[in-house]
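Geometric and topological summary
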Amino acid sequence: MLKKQEKNKSVSIAIEGNAANVYSELLTKNFIPDIVTDQTSAHDLLYGYIPNFLSIEKAESLRKNHPSKYINYALS
């Protein structure tokens, strides 16, 4: 148990990264968060989310040159 939990104290930790990658890494380290929130604009399939298998450069290229393909990736 974390020391803050033992003292009944709330702690907020912000992590910048792709949630699909970050969360699975936390689990491999046996860290189970009480709550997880996501700050993406998931309603905007073209610009609100980058699938974890795309680099930023590849995402930008697909958005510009193949937007329908990019949206399919975002939905999968």
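These figures come from a predicted structure and were not determined experimentally.

**A word on the pattern of salt bridges**
Tallied over the entire structure, the rule returns one salt bridge. E25 is paired through a salt bridge with K29; the nearest N and O atoms lie 3.1 Å apart. Judged by its relative accessible area of 40%, E25 falls in the partly exposed class.

**Overview of the confidence of the model for the chain**
In this model, the chain carries an average pLDDT of 83, and 91% of its residues clear a pLDDT of 70 or more. By mean pLDDT, the top-scoring element of the chain is helix 3 (residues 56–65) (96), and the lowest-scoring one is helix 1 (residues 3–6) (62).

**Let's talk about unusual backbone geometry**
Its identity is not glycine, yet N30 carries a phi of approximately 60°, on the positive side. If you trace the backbone, N30 turns up in the loop between helix 2 (19–28) and helix 3. According to the relative accessible area criterion, N30 is exposed, its value standing at 66%.

**Quick notes on the environment of S10**
Mapped onto the elements, S10 comes out in the loop between helix 1 and helix 2. The exposed category is assigned to S10, whose relative accessible area is 77%. In this structure the C-alpha to C-alpha distance between S10 and A74, which are 64 residues apart in sequence, comes to 34 Å.

**Thoughts on the packing of helix 3 against helix 4 (residues 67–75)**
For the pair helix 3 and helix 4, the least separation of the axes is 5 Å and the interaxial angle reads 125°. Of the possible angle classes, the one that applies to helix 3 and helix 4 is oblique. Contact residues: A59, L62, R63, K64 and N65 in helix 3; P67, K69, Y70 and Y73 in helix 4. Grouping the constituent residues of the contact of helix 3 with helix 4 by class yields five nonpolar, one polar and three charged.

Reading the values: the criteria
Residues numbered from 1 in each chain as written. Predicted model: local features only at pLDDT ≥ 70, side-chain atom pairs only at ≥ 80, totals over all residues. Heavy atoms only, no water. Salt bridge = Lys/Arg side-chain N within 4 Å of Asp/Glu carboxyl O. Buried < 20%, exposed > 50% of the residue type's maximum accessible area, 1.4 Å probe, protein only. pLDDT = per-residue confidence, 0-100. Helix = DSSP H or I, 4+ residues; strand = E, 2+ residues; numbered from the N terminus. Axes fitted to C-alpha atoms, helices over the stretch in contact; angles between N-to-C directions. Parallel < 35°, antiparallel > 145°, perpendicular 65-115°, else oblique. Contact = heavy atoms within 4.5 Å. Nonpolar A, V, L, I, M, F, W, Y, C, P; charged D, E, K, R; others polar.

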